[in-house]
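# Summary of the model geometry
The primary structure of each chain is shown beneath.
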Amino acid sequence: MALLKVKFNQKKRVKLAQGLWLMNWFSVFAGILVFSMGLFLKIELRKRSEVMDNSESHFVPNSLILMGILSCAFNGFAGKICYDSLDPAKFAKWKPLLKPYLALCCVFNMLLFFVALICFLMRGSLESTLAQGLKNGMKFYRDTDTPGRCFMKKTIDMLQIEFKCCGNNGYKDWFEIQWISNRYLDFSSKEVKDRIKSNVDGRYLVDGVPFSCCNPSSPRPCIQYQVTNNSAHYSYDYQTEELNLWRRGCREALLNYYSSMMSSMGAVILLVWLFEMSVMVGLRLLHTSLESIANPEDPECESEGWVLENSLKDTFKSALENLKKLGKFNQVEAGAEGAEGEEGGKTPAITTVS
């Protein structure tokens with residue numbers, strides 16, 4: 001029994017073809033939207049590529065751009081088919097291409113659904129990328145005179161100001177690295193010498209943070225240095241008083257920003273996928289209803305359209321049998337080639353009579 005069998009007359013076929021033509025052009029605009037989302041996400045990731053460890057995060061925008069281009073191409077082609085289906089003479093040239101085209105549509109929709117899922121599942125990979133990238137970026141914060149790294153200070157400062165964050169996981173991350181350049185240290189000072197000697201790696205570590213960690217909404221002036229020294233500031237206890245530094249780490253801030261963006265894009269792509277599936281089903285109904293016309297010379301006669309010629313269970317069984325036959329055919333071919341090789345390798349015995 002066919003799946004989703006529908007009876008059509010001439011009027012219904014025309015309405016289906018016209019509706020599908022319109023839906024395909026809507027799908028072209030949806031493809032442009034998917035392409036634009038991918039391009040926007042790629043630009044946003046490029047802006048902060050210095051604080052990302054690798055390029056894995058660009059898989060999502062690249063996939064969106066590709067799916068957007070394919071969607072425009074597929075749906076533009078389908079729109080032409082639907083338009084020509086109103087004229088039997090024009091539609092005849094498309095008949096041999098419809099089955100391969102519908103198979104490609106199935107593959108395309110599977111890929112589109114996969115890309116939508118990836119948008120929701122990329123959070124873990126993005127988190128590790130940001131964690132390592134920010135850690136490396138903070139190490140290079142002081143290298144303002146080193147070619148290739150002189151921009152890192154500005155990048156980190158702008159990042160912390162824009163996203164209202166501090167450090168990788170929090171402000172205390174700055175205590176573990178030397179973020180002040182040696183050119184601004186007085187090595188004749190006893191304090192500087194003592195701090196460098198007290199560290200195994202010979203780094204100048206302080207319990208301070210860059211100015212970009214300061215919260216401008218704080219009621220008191222920014223406590224940027226000696227953050228953990230209560231006696232260095234009047235009426236101050238760093239353990240109980242709310243600091244005037246951003247409490248959230250930049251990894252969490254960026255992760256939430258990009259994750260929410262990708263989740264929204266994933267939801268939009270799922271809607272586009274549902275729309276594309278409905279277009280594909282409609283095109284299949286149009287295809288079968290035109291092929292099943294009993295008398296091609298009488299276009300007004302009734303016909304039947306369906307999505308699958310047999311039930312879903314029977315179609316699945318038939319596909320499995322075809323795969324088994326294909327496997328057996330390959331085995332027979334391989335065995336025949338092996339037998340020919342053996343026969344070719346044998347040499348006839350030559351006997352001599354003296």
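Residues numbered from 1 in each chain as written. Predicted model: local features only at pLDDT ≥ 70, side-chain atom pairs only at ≥ 80, totals over all residues. Heavy atoms only, no water.

It is worth spelling out the overall build of the protein chain at this point. When you go through the protein chain residue by residue, the secondary structure sums to nine helices and two strands. Helices and strands in the protein chain line up, N terminus first, as β-α-α-α-α-α-α-α-α-β-α. Looking at the protein chain as a whole, 40% of its 354 residues are labelled buried. Total accessible area on the protein chain stands at roughly 21,000 Å², and carbon and sulfur atoms take up 60% of it. (Helix = DSSP H or I, 4+ residues; strand = E, 2+ residues; numbered from the N terminus. Buried < 20%, exposed > 50% of the residue type's maximum accessible area, 1.4 Å probe, protein only. Areas by Shrake-Rupley, 256 points an atom, 1.4 Å probe, with all protein chains shown as cover.)

The next point concerns the packing of helix 1 (residues 10–47) against helix 2 (residues 59–84). To characterise two packed helices, one gives the angle between the axes of the helices and the distance between these axes. Two elements in contact, helix 1 and helix 2, have axes separated by 7 Å at closest approach and are oriented at 165 degrees. Judged by the angle between their axes, helix 1 and helix 2 are roughly antiparallel. Relative to helix 2, the crossing made by helix 1 is left-handed. When the residues that make up the contact of helix 1 with helix 2 are grouped by side-chain class, the tally is 21 nonpolar, ten polar and one charged. (Axes fitted to C-alpha atoms, helices over the stretch in contact; angles between N-to-C directions. Parallel < 35°, antiparallel > 145°, perpendicular 65-115°, else oblique. Left-handed = near helix turned anticlockwise from the far one by under 90°. Nonpolar A, V, L, I, M, F, W, Y, C, P; charged D, E, K, R; others polar.)

Time to look at the side chain of S212. Tracing the backbone shows S212 in the loop between helix 7 (190–197) and helix 8 (250–291). Discounting residues that sit within four places of it in the chain, S212 has contacts with D157, Q160, I161, C165 and W246. (Contact = heavy atoms within 4.5 Å.)

We now examine the confidence of the model for the protein chain. On average, the protein chain scores 82 in pLDDT, and the residues at 70 or more come to 81%. Least confident of the elements in the protein chain is helix 9 (residues 312–345), whose mean pLDDT is 59; most confident is helix 6 (residues 152–163), at 93. Overall, residues 349–354 carries pLDDT values under 50, and its contacts beyond four positions in sequence, including any with other chains, amount to zero contacts. (pLDDT = per-residue confidence, 0-100.)

Taken as a whole, this structure holds eight salt bridges when the rule is applied. Note that E44 and R48 form a salt bridge whose closest N and O atoms lie 3.5 Å from each other. Across the pair, exposure class does not vary: E44 and R48 are buried alike. The salt bridge partner of R142 is D143, with a shortest N-O separation of 3.9 Å. (Salt bridge = Lys/Arg side-chain N within 4 Å of Asp/Glu carboxyl O.)

Quick look at the environment of E50 now. If you trace the backbone, E50 turns up in the loop between helix 1 and helix 2. Looking at E50, the relative accessible area reads 31%, which means it is partly exposed. With 101 residues separating them along the chain, E50 and F151 place their C-alpha atoms 9.4 Å apart. For E50, the residues in contact, after removing those within four places along its chain, are G133, F151, M152 and T155.

Under the counting rule described, the total for this entry stands at eleven aromatic pairs. On the basis of an interplanar angle of 70 degrees and a centroid distance of 6.3 Å, the ring pair of Y141 and W179 is categorised as edge-to-face. Placement of the pair is Y141 in the loop between helix 5 (123–139) and helix 6 and W179 in the loop between helix 6 and helix 7, with a sequence separation of 38 residues. In terms of burial, Y141 and W179 fall into one category: buried. A centroid spacing of 5.3 Å and a plane angle of 75 degrees characterise the contact between F163 and Y257, whose relative ring orientation is edge-to-face. (Phe/Tyr/Trp six-rings, centres within 6.5 Å; stacked < 30°, edge-to-face > 60°.)

For the rest of this paragraph, the subject is the state of the cysteines. Tallied over the full model, the rule gives three disulfides. Through a disulfide, C166 is tied to C213; the S-S separation comes to 2.1 Å. Around the S-S axis, the bridge from C166 to C213 shows a dihedral of about 85 degrees and counts as right-handed. Placement of the pair is C166 in the loop between helix 6 and helix 7 and C213 in the loop between helix 7 and helix 8, with a sequence separation of 47 residues. Accessibility assignment for this pair places C166 and C213 in one class, buried. Indicated for the protein chain is the disulfide connectivity 1-6, 2-3, 4-5, based on numbering the bonded cysteines in sequence order. (Disulfide = S-S within 2.5 Å.)

This paragraph deals with unusual backbone geometry. With a phi angle near 55 degrees, K164 is a residue other than glycine that sits in the positive phi range. Tracing the backbone shows K164 in the loop between helix 6 and helix 7.

Okay, the UniProt feature "transmembrane region" (unreviewed entry) in the protein chain next. The feature "transmembrane region" (unreviewed entry), as given by UniProt, occupies residues 20–41, 101–122 and 255–275 in the numbering adopted here. Helix makes up 95% of residues 101–122 and strand 0%, whereas the separation of the span's terminal C-alpha atoms amounts to 31 Å. Spanning residues 255–275, this segment combines 100% helix with 0% strand, and its end C-alpha atoms are found 30 Å apart. (UniProt positions renumbered as here; feature names shortened; annotations may be inferred.)

Contact geometry for helix 1 and helix 8: axes closest at 9 Å, N-to-C directions at 155 degrees. Overall, the two elements helix 1 and helix 8 adopt an arrangement that is roughly antiparallel. As for the relative orientation of helix 1 and helix 8, their crossing is left-handed in sense. In terms of residue class, the contact of helix 1 with helix 8 is built from 26 nonpolar, five polar and three charged.

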